[in-house]
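Remarks on the overall topology
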Amino acid sequence: METLDVDKVIQEFEAMTKDAENVQRETLKKILEENRCAEYLQNLGLNGRTDPESFKACVPLVTHQDLEPYIQRIADGASSPILTGKPITTISLSSGTTQGKPKFVPFNDELMETTLQIYRTSYAFRNREFPFENGKALQFIYSSKQNKTKGGLIAGTATTNVFRNSQFKNVMKAMQSQCCSPDEVIFGPDFHQSLYCHLLCGLIFREEIQLVSSTFAHSIVFSFRTFEQVWEELCADIREGVLTSRITFPSVRSAMAKLLRPNPELADLIHKKCSGLSNWYGLIPELFPNVKYIYGIMTGSMEPYLKRLRHYAGDLPLLSADYGSSEGWIGANVNPSGPPESATYVLLPNIGYFEFIPLKEKVKEHVHGKVNDSFLSMEPKPVGLSEVQVGEEYEIIITTFAGLYRYRLGDVVKVTGFYNSTPELKFVCRRNLMLTINIDKNTEKDLQRAVEEAAKLNSETNLEVLDFSSHVDLSTDPGHYVIFWELSGDVGDEILKECCNCLDRSFVDAGYVSSRKVNAIGPLELRVVRRGTFRKILDHYVGLGTALSQFKTPRCVGPTNNKVFQILCENVAKSYFSTAF
C-alpha cells in the first residue's frame, strides 16, 4: 500500500471548492440518477428531472420520523428499491443518546467512500503542519456487536460499520496511522477489556506512537481516567510478560500473548514516570514521547472534556476531527492548528447535496424535537451552499447517496466564512436539545456555559465537574430546571449552594430571567450524584449496542430517556435549591 499523496488530495480539494456550486449541481444529479428507480423518489413526481429547482419543488423536507417506515421496510428485508437504486445491505445505528434509543440509518458503499474522502482530506491538511513518519497510532476505537435485522441486514453502530470495512484499514495504512492494537482488541466483545488492552498495546509500542485518537474527546479522557486506576497492573503485565486475569476472552488473550514479553526495564520506566507526575499533568507525552498531537471530535457536547484532556496532554496540540453524523458527513477540518473550541469545517461539495434553513432567532422556537405547524409555515425557505451569509446561523439539510433526501439533520451551524467558494461552518448546537418550561429557551450551549461558570467556584478546591446533565421537572408547580453534577471529590455545602445560585444566574435567556423573577419558573435544583453515576449511564448505552467510541453523554434527559433519568435519580447524594431570585 502506497503512502497517501497529500499534495494530490489538497489539489483536488482546492479545485472542487473553487467550483462548489457546479459541483453541488453535479452531485445532486448523480444522486438522483443513481436512485431514480427508488420508490420514494418515483412517488414524488420528479419524472427523471435532476435539477435543484425541480428537486426542491417536488421533494419535501423530512425528519428521521418521516423516513422511519421506509427504513424499517428495508431492515425487514423488502427486496424492491425503496430509498436507493441499489439494495441497502447494512444499517447504521446512531448512538441513541439524544432520543434515548438508537435510530436506524441506511449505510452503503457510497457513504463509506465519502467517509474515507473526509479522512484523507483532513489528514492531508494535518500532515502539512504535523508530518508523520512511519509510526503507529494509539486509537481508542471499539466495535460494538453487529446484529442482523429481521430481514437479514447487518446492523451496527456507524463507527463499527466503518471499522469493519476492509477499506478502512487500507486507508489507515496509507495515512501512516495504523492502530497499535490487534483486531481482536478492537473487535473484542467487552469494551472494558478492550480499553485495558489498548492501553497495554500503547505502552508496549510507546516509542512508535505518533498519534493518540478516538472518535470523541470523551473516549480519550475516559481512557486515561481508567489508566489512573490500572497503571500499576499494566506495569505488572509488562514486567512479567503475562496478561492480567481480568482479560477473559480467549481471542483477546491469544492476540495479546503474541505482543507481550517480559520487559522489567520498560515496567520500571513507566512506573517511574507515573510516580513522578503531579496529579497526572502531562501524562500522555510522558508515556508516549513521540506523539505529535491528540485527535478526536472536540466540539459541541465534547467541549466540557477539553479541560481534563489538556491536563493529560500537557503541551501537546489538541486537533478537532471532522464534522459528520451517523446519517452522513458534512465537512473537514482543514485548519487544524487552531484551538478546538474554535474549530471550523469546510463543507465538501461532492459528498452530498446541502441546503440551509436561515434561523436568526427562530432556532429558539424548535423545542424537544417538535415544531408546530404554524411555525413550519413561517419558516424561511432553505438556501443553497453559495447563498449563505457569513455570520448567520442555519439548520443544515442533507441529501446523501444512501437514501436520505432533504433530511433535517437537527444541527445548527454558523457560517464563519468561505474557503474558496464553499462555506466554512462552526457547529453551534443540536436544535432539539433544549430546556424550556414557559417562554424560556435554553440550548445545550447555554447549559454548557452555565456549568462552566458555576464550576469556577470549585477551582480553589482543585475539584472538577466530571460530567453533567439536565432535566426539566414539570412534576412541581411551577416547573424548574434540574442540573445533575458528578464531582471528582467532596465539596462543602456552602460552596455547592453558591454553585447552585451561580447556575441559576448563568442562564441569561430573557425568557428565563423574567419567568424566574415572577416565579413562573421555580428555583433551579442542583443534584450532586455519586462517583461512577455517569459510568453507569455509559454502561447502559453500551448494553444497548452503542460503541464506547460513539458514546455522547445525554445533556438533556427528556421523557423518552426514562432509564437514564432513573439512573441519575437513584444516585443522588445531595440536592440544593437556588436562592438567586
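Provided above is the structure to which this section pertains.
Residues numbered from 1 in each chain as written. Predicted model: local features only at pLDDT ≥ 70, side-chain atom pairs only at ≥ 80, totals over all residues. Heavy atoms only, no water.

1. Brief notes about the overall build of the chain
What counts, and what does not: The way it works is that DSSP assigns letters per residue, a run of H or I at least four long becomes a helix, a run of E at least two long becomes a strand, and they are numbered from the N terminus. The quantity called the radius of gyration is restricted to C-alpha atoms. Its globule counterpart is 2.2 Å times the number of residues to the power 0.38. The contact criterion used throughout is that any non-hydrogen atoms of two residues lie within 4.5 Å. Where accessible areas are quoted, they stem from the Shrake-Rupley method and a 1.4 Å probe; at the residue level, only the protein chains shown are allowed to cover. A residue counts as positive if it is Lys or Arg and as negative if it is Asp or Glu; His and the chain ends are not included. Charge placement uses NZ in Lys and CZ in Arg. For Asp and Glu, CG and CD serve respectively.
Along the chain, the regular secondary structure elements total 21 helices and 22 strands. Relative to the 2.2 N^0.38 estimate, which gives 25 Å for 581 residues, the radius of gyration of the chain is 24 Å and therefore close to what a compact globule would have. Here the analysis covers contacts within the chain between residues at least 6 apart in sequence; of these, 73% occur between residues at least 24 apart. Taken as a whole, the chain presents about 23700 Å² of accessible surface, with 49% of it coming from carbon and sulfur. Taking the average location of the 63 positive side-chain charges in the chain and that of its 70 negative ones, the two points are 2 Å from each other.

2. A short note on the pattern of salt bridges
Formally: In what follows, salt bridge is the name for a side-chain nitrogen of Lys or Arg lying within 4 Å of a carboxyl oxygen of Asp or Glu.
One pass over the structure, following the stated rule, counts 25 salt bridges. For the salt bridge of Glu-228 with Arg-308, the shortest nitrogen-to-oxygen distance reads 3.1 Å. Of this pair, Glu-228 sits in helix 11 (residues 217-240) while Arg-308 sits in helix 15 (residues 306-313), placing them 80 residues apart in sequence.

3. What about the side chain of Glu-486?
Quick note on the threshold: A 1.4 Å probe rolled over the protein chains alone gives each residue an accessible area, and that area as a share of the maximum for its type sets the label: buried under 20%, exposed over 50%, partly exposed in between.
Here Glu-486 lies in strand 20 (residues 480-487). Using a relative accessible area of 6% as the deciding quantity, one classes Glu-486 as buried.

4. So, the nonpolar core
Using the following cut-off: By nonpolar core is meant a set of buried Ala, Val, Leu, Ile, Met, Phe, Trp, Tyr and Cys residues that side-chain atoms within 4.5 Å join together.
Membership of the largest hydrophobic core comes to 152 residues, with the highest contact counts inside it found for Val-212, Phe-224, Phe-227, Phe-288, Ile-294 and Phe-356. For this core, the element with the most residues is helix 11, which contributes 11 residues. Excluding anything up to four places from it in sequence, Phe-356 contacts Leu-347, Lys-381, Pro-382, Val-383, Gly-384, Leu-385, Val-388, Tyr-394, Glu-395, Ile-396, Val-413 and Leu-425. Of all hydrophobic cores here, the second largest spans 27 residues; its members include Leu-435, Val-465, Ile-521 and Val-528.

5. Some remarks on unusual backbone geometry
Cis peptide bonds are those with omega within 30 degrees of zero, and the linkage from Asp-477 to Pro-478 qualifies with 0°. By the secondary structure assignment, Pro-478 is in the loop between strand 19 (465-473) and strand 20. In this structure, Trp-280 takes a positive phi of about 65° despite not being glycine. The topology assignment puts Trp-280 in the loop between helix 13 (264-275) and helix 14 (283-287). If you check the backbone angles, Arg-406 has positive phi at about 50° while not being a glycine. Taking the relative accessible area as the measure of exposure, Arg-406 reaches 5% and is therefore buried.

6. Description of the packing of helix 20 (residues 533-543) against helix 21 (residues 562-570)
The following threshold applies: All axes are obtained by fitting lines to C-alpha atoms, using only the stretch in contact for helices, and the reported angles, taken between N-to-C directions, cover 0 to 180 degrees. For classification purposes, angles smaller than 35 degrees are called roughly parallel, those larger than 145 roughly antiparallel, those between 65 and 115 roughly perpendicular, and all remaining angles oblique. Note on convention: near helix rotated counterclockwise from far helix by under a right angle means a left-handed crossing. Clockwise means right-handed. Asp, Glu, Lys and Arg are counted as charged, while Ala, Val, Leu, Ile, Met, Phe, Trp, Tyr, Cys and Pro are counted as nonpolar; the rest, among them Gly, fall into the polar class.
Between helix 20 and helix 21, whose axes approach to 9 Å, the crossing angle comes to 155°. In terms of orientation, helix 20 and helix 21 fall into the roughly antiparallel class. For the pair helix 20 and helix 21, the sense of crossing is right-handed. Taken together, the residues of helix 21 that come into contact with helix 20 (itself represented by Thr-533, Phe-534, Lys-536, Ile-537, His-540 and Tyr-541) are Lys-563, Val-564, Ile-567 and Leu-568. Classifying every residue of the contact of helix 20 with helix 21 gives six nonpolar, two polar and two charged.

7. Overview of the environment of Arg-225
Turning to its location among the elements, Arg-225 is positioned in helix 11. Once residues lying within four places of it in the same chain are set aside, the contact partners of Arg-225 are Arg-308, Tyr-312, Glu-464 and Leu-466.

8. Some details on the packing of helix 10 (residues 191-204) against helix 11
Closest axis-to-axis distance for the helix 10/helix 11 pair is 9 Å, and the angle between their directions is 65°. Note that helix 10 runs across helix 11; the crossing there is right-handed. Of helix 11, the residues touching helix 10 (which contributes Phe-191, Leu-195, Tyr-196, Leu-199, Leu-200 and Leu-203) are Phe-222, Ser-223, Phe-224, Thr-226, Phe-227, Val-230, Glu-233, Leu-234, Asp-237 and Ile-238. Counted by class, the contact of helix 10 with helix 11 contains 12 nonpolar, two polar and two charged residues.

9. Side note on the sheet that holds strand 7 (residues 293-297)
Filter applied, for reference: Strands qualify as paired when DSSP identifies two bridges or more between them.
With parallel pairing, four strands are arranged side by side in an open sheet as 3-6-7-8. The open sheet has two free edges, formed respectively by strand 3 (136-139) and strand 8 (318-320), since each of these has just one partner strand. Averaged over neighbouring strand pairs, the angle between their axes works out to 25° when direction is ignored. As paired elements, strand 7 and strand 8 share three bridges and run parallel to each other. Residue pairing for strand 8: Ile-294 is matched across the bridge by Leu-318. Where helix 15 meets the sheet, it contacts strand 7 and strand 8, and its direction lies at approximately 140° from that of strand 8.

10. Side note on the packing of aromatic side chains
The criterion, for reference: In this scheme Phe, Tyr and Trp rings, the latter by its six-membered ring, pair at centre separations within 6.5 Å, and the angle between planes marks the pair as stacked below 30 degrees, edge-to-face above 60, and tilted otherwise.
All told, the structure shown has 24 aromatic pairs when counted by the stated rule. Both rings, one in Tyr-119 and one in Trp-329, keep their centres 6.1 Å apart while their planes meet at 75°; by these two values the pair is edge-to-face. Note that Tyr-119 is positioned in helix 6 (residues 109-129) and Trp-329 in strand 10 (residues 328-332), a separation of 210 residues in sequence. Each member of the pair, Tyr-119 together with Trp-329, is buried. Between Phe-224 and Tyr-312, the ring centres sit 5.9 Å apart and the planes meet at 45°, which makes this aromatic pair tilted. On the criterion of sequence distance, the pair formed by Phe-224 in helix 11 and Tyr-312 in helix 15 is long-range, its members being 88 residues apart. For the residue pair Phe-224 and Tyr-312, the accessibility class agrees, reading buried in each case. Through a chain of ring-to-ring contacts, the aromatic side chains of Tyr-123, Phe-130, Phe-132, Tyr-293 and Tyr-295 assemble into a single cluster.

11. Quick notes on helix 2 (residues 20-34)
Heads up, the rule is: One fewer than the residue count of a helix, multiplied by 1.5 Å, yields its expected span. What the arc covers is the set of directions going from the helix axis to the C-beta atoms.
Helix length check: helix 2, at 15 residues, gives a terminal C-alpha distance of 21 Å against a target of 21 Å (1.5 Å per residue), a fit within 8%. Three or more residues of helix 2 are buried, namely Ala-20, Val-23, Gln-24, Thr-27, Leu-28, Ile-31 and Leu-32. What you see down the axis of helix 2 is that its buried residues fit within an arc of 165°, all on one side. In this fold, the buried residues of helix 2 make contact with helix 1 (6-18), helix 3 (39-42), helix 4 (52-58), strand 12 (353-358), strand 14 (393-399) and strand 16 (422-430).

12. Overview of the environment of Gln-11
In this fold, Gln-11 is placed in helix 1. Classification of Gln-11 by relative accessible area gives exposed; the value is 54%. Residues Gln-11 and Tyr-394 lie 383 residues apart in sequence; the distance between their C-alpha atoms is 29 Å.

13. With respect to the sheet that holds strand 16
Pairing between sheet strands relies on hydrogen bonds along the backbone, with the strands arranged either parallel or antiparallel. Read from one edge of the open sheet, eight strands run 9-10-11-16-15-14-12-13, paired in antiparallel fashion. Where the open sheet ends on each side, the last strands, each with one partner, are strand 9 (323-325) and strand 13 (383-384). Where strand 12 lies against strand 14, six bridges are found, and the strand directions are antiparallel. Paired with Glu-355 across the bridge in strand 14 is Ile-397. Across the sheet, helix 2 lies against strand 12, strand 14 and strand 16, angled at about 115° from strand 12, the strand it touches most.

In short, geometric facts, not functional conclusions.
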